[in-house]
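Each chain is listed here by its residues.
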Amino acid sequence: MTKSEALFERAVKRIPGGVNSPVRAYGAIGEAPRFIERADGCYIYDVDGNRYIDYIDSWGPMILGHNFPEIRESVVKACENGLSFGCATEIEVEMAEFICERIPHIDMVRMVNSGTEAVMSAIRAARGFTGRNKIIKFAGCYHGHSDAMLVSAGSGVMTSGVPDSAGVPKGCTQDTMTAVYNDLESVRTLIEQAPGEVAAVIVEPVGANMGVVPPSAGFLEGLRTLCDENGALLIFDEVITGFRLAFGGAAEYFGIRPDIVTYGKIIGAGMPVGAYGGRREIMEMVSPVGKVYQAGTLSGNPIAMAAGLTQLKYLYSHPEVYTNLSEKGRMLYGGMRKILEEKGIRYQLNSVESLGCVFFTDQPVVDYTSAKTSDTKAFVEYFKAMLKSGIHMAPSQFEAMFLSNAHTEEVIEETLDAVRKCLKV
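Residues numbered from 1 in each chain as written. Predicted model: local features only at pLDDT ≥ 70, side-chain atom pairs only at ≥ 80, totals over all residues. Heavy atoms only, no water.

1. Structural notes on the packing of aromatic side chains
Then, number 1: In the structure shown here, the tally under the stated rule is 15 aromatic pairs.
Then, number 2: Summarising the aromatic geometry, the rings of F243 and Y263 are spaced 4.9 Å apart at their centres and angled 45 degrees between planes, so their arrangement reads as tilted. Of this pair, F243 sits in the loop between β8 (233-237) and α8 (249-254) while Y263 sits in strand β9 (residues 260-263); the two residues are 20 residues apart in sequence, bridging distant segments of the chain. Residue F243 shares its accessibility class with Y263, and that shared class is buried.
Then, number 3: Ring centres of F247 and Y316 lie 5.0 Å apart, and the angle between their planes is 65 degrees; on these two criteria the pair is classed as edge-to-face. Placement of the pair is F247 in the loop between β8 and α8 and Y316 in helix α10 (residues 302-317), with a sequence separation of 69 residues.
Then, number 4: Through pairs of rings, three or more aromatic residues link up here, namely Y26, Y347, F360, F379, Y382 and F383.
Then, number 5: A cation over an aromatic ring shows up here: R38 above the ring of Y45, its NZ or CZ 3.9 Å from the ring centre.
Then, number 6: Over the ring of Y43 we find R51; its NZ or CZ atom is 4.0 Å from the centre of that ring. (Phe/Tyr/Trp six-rings, centres within 6.5 Å; stacked < 30°, edge-to-face > 60°. Helix = DSSP H or I, 4+ residues; strand = E, 2+ residues; numbered from the N terminus. Buried < 20%, exposed > 50% of the residue type's maximum accessible area, 1.4 Å probe, protein only. Lys NZ or Arg CZ within 6 Å of the ring centre and 35° of its normal.)

2. What to know about helix α3 (residues 90-100)
Then, number 1: Those residues of α3 that fall on the buried side of the exposure criterion are I91, M95, F98 and I99. Viewed end-on, α3 has its buried residues packed into an arc of 95 degrees, placing them on one side of the element.
Then, number 2: Buried-residue contacts for α3 involve β4 (108-112) and α10. (Arc of directions from axis to C-beta. Contact = heavy atoms within 4.5 Å.)

3. Quick word on the pattern of salt bridges
Then, number 1: Inspection of every chain in the model, using the stated rule, returns 10 salt bridges.
Then, number 2: In this structure, the salt-bridge partner of D259 is R224, at a minimum N-O distance of 2.8 Å. Placement of the pair is D259 in the loop between α8 and β9 and R224 in helix α7 (residues 219-230), with a sequence separation of 35 residues. Of the two residues, D259 and R224, both sit in the buried class.
Then, number 3: One salt bridge connects R420 with D417, and the closest N-O pair in it is separated by 3.1 Å. Residue R420 and its partner D417 are both found in helix α14 (residues 409-422); the two are separated by three residues, about one turn of the helix.
Then, number 4: Through salt bridges with shared partners, a single ionic network connects R224, D228, D259, R279 and E281. (Salt bridge = Lys/Arg side-chain N within 4 Å of Asp/Glu carboxyl O.)

4. Considerations on the environment of L312
Then, number 1: Note on placement: L312 falls in helix α10.
Then, number 2: Owing to a relative accessible area of 0%, L312 belongs among the buried residues under this scheme.
Then, number 3: Taking C-alpha positions, L312 is 14 Å from R72, a pair spaced 240 residues apart along the chain.
Then, number 4: Those residues in contact with L312 that sit more than four places away from it in its chain are M95, F98, I99, F243, F247 and I267.

5. Structural notes on the packing of helix α6 (residues 184-193) against α7
Pairs of packed helices are described in terms of their axes, by the angle between the two and the distance that separates them.
Then, number 1: For the pair α6 and α7, the least separation of the axes is 10 Å and the interaxial angle reads 15 degrees. Between α6 and α7, the angle is such that the two are roughly parallel. Crossing of α6 against α7: the hand is right-handed. Side by side, α6 and α7 meet where L184, V187, R188 and I191 of the first sit next to F219, G222, L223, L226 and N230 of the second.
Then, number 2: Tallied by class, residues from the contact of α6 with α7 come to six nonpolar, two polar and one charged. (Axes fitted to C-alpha atoms, helices over the stretch in contact; angles between N-to-C directions. Parallel < 35°, antiparallel > 145°, perpendicular 65-115°, else oblique. Left-handed = near helix turned anticlockwise from the far one by under 90°. Nonpolar A, V, L, I, M, F, W, Y, C, P; charged D, E, K, R; others polar.)

6. A word on empty space enclosed by the protein
Then, number 1: Under the criterion given, the structure shown has one cavity of 30 Å³ or more.
Then, number 2: A volume near 120 Å³ is recorded for the largest cavity.
Then, number 3: Contributing to the lining of the largest cavity are G356, C357, V358, F379, Y382, M393, A394, S396, Q397, E399, A400 and M401.
Then, number 4: Only β12 (355-359) and α13 (376-388) provide two or more residues apiece to the lining of the largest cavity.
Then, number 5: Sorting elements by how many residues they give to the lining of the largest cavity places β12 first, with three residues.
Then, number 6: By residue class, the composition of the lining of the largest cavity is eight nonpolar, three polar and one charged. (1 Å grid on protein atoms, 1.4 Å probe; cavity = no way out; pocket = protein on both sides within 12 Å on 5 of 7 lines; lining within 4 Å. Points joined across faces, edges and corners; volume = space filled by probe spheres on them.)

Put into structure tokens, the structure is as follows:
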């Protein structure tokens, strides 16, 4: 028995499913999850001494690679002053100023503790600002596990139903309307069904919790127009795309200005943190200034702020990181497409810059329905083979691969060699 297997045996007795987040579970794979001991650069090491090339990157935030020296040093230094105060600190102000002065669509920002909390708070702010109740989301887009958002969610849920989780009363989701990703007419229809009632449309600008599904031409622009025409707010959930596709996230990358944006752990360099921000008149609805209540004892934690601000300053002062990631994305995902063509395999590979995903289906994947045509059994065989080859990916068909700046050309070539061996006709 390996150490990971022994740890999993212990874990299932005290932790539901043996994991503290469903996306870590290897249930569909039929194995014990790998228990990780440490990570450095683009590599991750399990308790059994195995080294893997990592394409999870802690689900995105390790954009500079694991254990980045400047970030590690900033955390150690911050810890010398204490771990948590529950009071206002200077570094919170510095973080807010740094973001607002460099992201055109953010006038004010509020720190929270996770992407889920950021979305939950953004939805509440949108409802408070507009005086409306209904929210439009898209099937397959995951916006955290708050009650109102667990409707046709992606990621660890990826099952349809209203709602998607036991323990969520139907009343909590009665004002959540579900549209089809990349289908503007489905959004228009929902708005027409509830005239003057839609507070906001929330979207992952790149669908990244049903695998990777890029927006079709004109889709995001059309959402902006529909929201403007109907007095609704447009919320970009940039928990995955924020500070990754560009410093200004998908909003900058696609040239669309959202009213509110949500961020996750990338602004904490992997620490448990999130944020939401947007136009001043919306954000001034939030307590203690406005009537929309939202609070958090650990929000703006000084250790998380130290790590996050160090990473954001590095990304802003080194724009070549984004050029490098784009080139690495072309190398990895372009190489994978070439392998598929050479083998005559009609699988789909979707990618946007450093995000990518192989779908085991012969039809284009453009939304939740087409994503679900992927052969999950074929994915399991592929995943197991890649893991044995030293490639660490999410144990689910419906998650993204994340590149970091630490992935070298040699590492990508090694990955492509593994793909060539593991992808079967």
